[in-house]
Amino acid sequence: MIAFASNLFGVGRSNSLRIRLYMSSHLSPHTSLSLLPGTRLLSPIPCTCACMLWFTSFLFAVRCPFSSGADFDCLDGYKFGRDSLRKIVQEERWDDPRIKSLFDSALAPFLVSKVLIELKEEPHLAFNFFEWAKLQIRFHRTTESYCIVVHILFYNRMYSAAHKLMKELISTNRMCPVLDLFNVLWSKRNVCLWGFGVFDAFFSVLVELGMVEEAIECFSTMKRYRVFPKVRSCNGLLHRLFKGGKGDKARKLFWDMLGAGISPSVYTYNLMIDVVCKEGDLDTANSLFLQMKDKGLTPDIVTYNTLIDGYGKLGMLEEAKAIYEEMKKEGCNPDVITYNALINGLCKFGKLPFAFQFLHKMKEIGVRPNVITYSTFIDSFCKEGMMHMALKFFVDMRRAGLSPNEVTYTCLIDAYCKRGYFGEALKMVKEMLEDGNEFNIVTYTAVLDGLCKDGQIEEAEELFNVMVEAGISPNQHTYTALMHCYIKDKKLDKARDILKEMNRKNIKPDLLLHGTIIWGLCNEGKLEEAKVLILEMKEKGLNVNCVMLTAIVDACFKAGDATSALNLIKEMQDSGIAPTVVTYSLLIDGLCKSGLLQEALDQFYKMISTGLHPNVFVYTAIIDGLCKGNSIEFAKKLFNEMQLKGFNPDIAAFTALIDGNLKHGNMEEAFKLRDRILKHGMELDLYAYTSLIWGLLKFDQIQEARTVFGEMIEKGIRPDEIVFRLLVEKYYALGKVEEAVELKDELNREGLHIGIGDYTSYGRKN
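Residues numbered from 1 in each chain as written. Predicted model: local features only at pLDDT ≥ 70, side-chain atom pairs only at ≥ 80, totals over all residues. Heavy atoms only, no water.

Draft legend 1. Layout of empty space enclosed by the protein. Considering all chains together, one arrives at 1 cavity of 30 Å³ or more under this definition. What lines the largest cavity is simply Gly-312, Leu-317, Ala-320, Lys-321, Leu-342, Gly-345 and Leu-346. Put simply, the parts of the chain that give the lining of the largest cavity at least two residues each are α18 (317-329) and α19 (336-348). For the lining of the largest cavity, the residue count by class is 4 nonpolar, 2 polar and 1 charged. (1 Å grid on protein atoms, 1.4 Å probe; cavity = no way out; pocket = protein on both sides within 12 Å on 5 of 7 lines; lining within 4 Å. Points joined across faces, edges and corners; volume = space filled by probe spheres on them. Helix = DSSP H or I, 4+ residues; strand = E, 2+ residues; numbered from the N terminus. Nonpolar A, V, L, I, M, F, W, Y, C, P; charged D, E, K, R; others polar.)

As structure tokens, this is what we get:
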């Protein structure tokens with residue numbers, strides 16, 4: 001019965017939807033309505049009144065269904081016919097009481113829709129009337145009236161005006177589901193002889209307004225109605241999705257386009273190839289490249305350049321060159337972007353000579369290098385430490401009439417800072433600013449890092465504040481540079497504040513940064529705080545690596561806690577974290593210094609069994625431990641073994657063996673080792689001289705000890721309190737007080753001021 005009544009009176013889905021949208025948008029319980037001229041409802045509309053108003057609207061909708069063939073009878077009560085209506089609108093007699101009376105009723109929106117249909121043959125009049133109606137105080141604009149006038153305008157090729165109204169409709173109805181708006185537009189399609197263009201325009205307006213999710217929904221709805229957007233509009237949405245980092249949705253839309261029979265253009269394929277190249281999916285990129293050729297589309301220079309750039313950035317240089325050769329074969333002339341992509345890939349993967357070949361080639365065919373070309377080479381030279389070549393290209397660039405940009409300057413500034421040439425970096429900063437270039441985040445970070453390395457902490461903090469005030473948000477690299485600065489200067493409280501600030505801003509510190517903090521805490525002896533940070537990392541799901549745990553192992557030994565160090569090594573191994581050579585070096589050294597020689601030897605052989613090869617530091621630590629543990633013969637064996645394995649003993653290894661021989665009374669062997677040190681072109685250090693002086697004094701060879709002492713002074717090695725104590729105590733022990741005083745005077749003349757009060761009393765006692 002309901003279906004029969006709907007068909008009989010012309011009240012279908014469109015009318016019910018029209019009434020629902022109107023009621024929901026304009027007849028809320030708190031809406032004040034003008035029912036009669038000069039009369040307003042000031043209090044909320046009661047439920048019964050609202051129902052009556054809806055019923056009245058429903059009856060009006062039954063009477064005037066707004067189809068294109070509807071009668072004009074519903075306007076008879078307003079005492080004007082079609083001709084008079086057209087004349088009033090044409091002459092813009094907006095003060096005419098007959099047309100003004102349309103807005104004295106709550107049914108004004110429906111009457112306006114009827115007027116628009118009556119004026120559909122004269123679209124300019126319909127548009128002018130609608131624009132005037134929108135300004136009337138008592139007129140509530142409905143989705144239906146917009147859709148009617150949009151159809152009229154679009155049918156009559158007034159595309160600009162139709163686009164303006166669709167944009168206005170969507171923008172002013174953000175709270176209303178877009179699909180409801182589309183459904184009303186669809187329901188009014190019979191106002192004029194309709195085509196698909198108006199629906200494509202609606203879709204493109206959504207894209208233009210950045211409503212990508214709504215546009216995707218609209219695409220799905222259009223598919224159901226078998227009305228498809230044009231490929232140009234789809235390209236617009238693909239572009240928006242790509243720029244918004246929604247590569248997955250871009251891919252899905254592309255395959256939906258193909259499934260719907262929408263033929264992609266070259267631009268479509270270029271977009272998709274760019275998307276997958278930036279994701280590193282070169283297999284899909286190549287498949288799309290072949291697919292577009294199979295469809296009879298000719299790749300353009302953008303297609304080729306995108307593929308070359310994609311292959312180059314992944315180090316697939318042969319593939320990049322193959323695309324370059326193919327584009328030339330197909331008659332597509334490479335441009336500066338082509339050569340920049342090739343040069344960038346070659347420079348990035350250490351193929352500078354080949355990059356130069358392409359530079360010469362582009363010049364030969366008349367393609368002029370641009371700022372990006374020069375900047376790419378300058379960056380590569382800087383990273384290779386070839387500063388002279390970087391500066392040469394910088395000068396050549398200016399001679400070519402090109403102005404360096406912030407990227408060019410930043411490459412040079414960063415290189416200078418990393419090599420410790422901070423003065424040169426500041427000169428480059430000054431030149432950069434004088435050229436009108438502004439700092440970017442990379443420039444700020446490079447200069448800040450340079451200031452930190454130069455020890456100018458206050459200046460680094462000031463620059464950091466300037467950067468923030470300039471509206472540039474610090475990134476992880478910026479915070480890392482500043483934190484290194486604080487840790488280096490032992491300002492751990494400030495370093496922790498930086499970590500808290502990063503957490504507040506949801507910037508996740510990387511393992512390097514956590515490792516730096518842990519190293520700083522361990523270096524300051526704050527072992528417990530370092531352990532707490534390790535636990536926090538594990539709670540956050542961050543991986544703790546071997547470097548961090550090695551720092552804590554070292555800190556345990558420095559704190560005299562060898563047991564904790566060994567337990568931590570066991571935990572590392574149980575967790576699948578394999579100790580490195582550095583870990584074993586610190587472990588073995590710590591065990592030897594803790595007097596746990598047998599444990600050190602066990603770890604030494606365990607290290608070898610895991611496939612790791614002991615280095616000079618490991619051998620030296622074991623040799624030193626063996627010498628101190630009275631195992632001089634075993635120490636000599638390992639000393640020889642180290643040399644047989646191709647390791648050249650350093651001064652520390654020689655000193656450890658010298659010390660061991662002296663303790664066992666092997667004076668001759670100790671001095672042979674001294675001679676070998678000199679033969680190998682090494683110089684004795686303070687510890688070596690101290691060992692020799694101690695050994696000579698042990699056997700009362702005080703004159704020979706003084707000779708070695710004098711040699712040490714001549715070599716510019718400043719004696720410490722231990723050396724002085726050894727000599728003075730021996731003089732006093734032998735009753736040679738005058739020689740002790742003479743030694744003091746000699747040291748004073750050399751600028752070495754060491755008091756001897758304690759030793760004088762020592763001499764008197766003895």
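Draft legend 2. Inspection of helix α25 (residues 441-453) at higher detail. End to end, α25 covers 18 Å across 13 residues, agreeing with the expected 18 Å (1.5 Å per residue, within 8%). Burial of α25 is extensive: 10 of the 13 residues sit out of reach of the surface. Buried residues of α25: Thr-443, Tyr-444, Thr-445, Ala-446, Val-447, Leu-448, Asp-449, Gly-450, Leu-451 and Cys-452, and no others. Buried residues in α25 make contact with α23 (406-418), α24 (422-434), α26 (457-469) and α27 (476-488). Its side-chain oxygen 3.1 Å from the backbone nitrogen of Val-442, Asn-440 forms the N-cap of α25. One or two steps after α25, the chain reaches Gly-455, where phi turns positive at roughly 80 degrees. (Expected span 1.5 Å × (residues − 1). Buried < 20%, exposed > 50% of the residue type's maximum accessible area, 1.4 Å probe, protein only. Contact = heavy atoms within 4.5 Å. Polar contact = N/O pair within 3.5 Å; in protein donor to acceptor, adjacent residues only side chain to side chain.)

Draft legend 3. Spotlight on the pattern of salt bridges. For the structure shown, the criterion picks out 39 salt bridges. For Arg-251, the salt bridge goes to Asp-281, with nearest N and O atoms at 3.2 Å. Here Arg-251 is found in helix α14 (residues 247-259), whereas its partner Asp-281 is found in the loop between α15 (266-278) and α16 (282-294), with 30 residues between them in sequence. Given the relative accessible area of 21%, Arg-251 is considered partly exposed. One salt-bridge network, held together by shared partners, links Glu-131, Lys-164 and Glu-168. (Salt bridge = Lys/Arg side-chain N within 4 Å of Asp/Glu carboxyl O.)

Draft legend 4. Seen up close, the packing of helix α17 (residues 301-313) against α18. Running from N to C, α17 and α18 point in directions that differ by 165 degrees, and their axes come no closer than 7 Å. Taken together, the axis directions place α17 and α18 in an arrangement best described as roughly antiparallel. Like other packed secondary-structure pairs, α17 and α18 cross with a definite hand, here left-handed. Here Ile-301, Tyr-304, Asn-305, Leu-307, Ile-308, Tyr-311 and Gly-312 of α17 lie close against α18, whose contacting residues are Leu-317, Glu-319, Ala-320, Ile-323, Tyr-324, Glu-326 and Met-327. The residue makeup of the contact of α17 with α18, split by class, is 10 nonpolar, 2 polar and 2 charged. (Axes fitted to C-alpha atoms, helices over the stretch in contact; angles between N-to-C directions. Parallel < 35°, antiparallel > 145°, perpendicular 65-115°, else oblique. Left-handed = near helix turned anticlockwise from the far one by under 90°.)

Draft legend 5. Inspection of the packing of aromatic side chains at higher detail. Counted by the stated rule, this structure contains 29 aromatic pairs. On the numbers, 4.8 Å between centres and 65 degrees between planes, the contact of Phe-154 with Tyr-159 is edge-to-face. On the basis of relative accessible area, Tyr-159 is assigned to the partly exposed category, the value being 42%. Three or more aromatic residues link up through ring pairs in this structure, and these residues are Phe-182, Trp-186, Phe-199, Phe-202 and Tyr-225. Taking NZ or CZ as reference, Lys-361 lies 5.2 Å from the ring centre of Phe-358, over its face. (Phe/Tyr/Trp six-rings, centres within 6.5 Å; stacked < 30°, edge-to-face > 60°. Lys NZ or Arg CZ within 6 Å of the ring centre and 35° of its normal.)

Draft legend 6. View of the layout of surface pockets. One number sums up the size of the largest pocket: a volume of about 1,200 Å³. Forming the walls of the largest pocket are 47 residues, and the residues nearest its centre are Asp-379, Lys-383, Asp-414, Lys-418 and Val-442. For the lining of the largest pocket, the secondary-structure elements that each account for two or more residues are α19, α21 (371-383), α23, α25, α27 and α29 (511-523). Across the lining of the largest pocket, the residue classes tally to 18 nonpolar, 16 polar and 13 charged. Computed from the structure, the second largest pocket encloses a volume of approximately 510 Å³. As for the second largest pocket, its lining consists of 20 residues, of which Asp-624, Lys-628, Ala-652, Thr-655 and Tyr-687 are closest to the centre.

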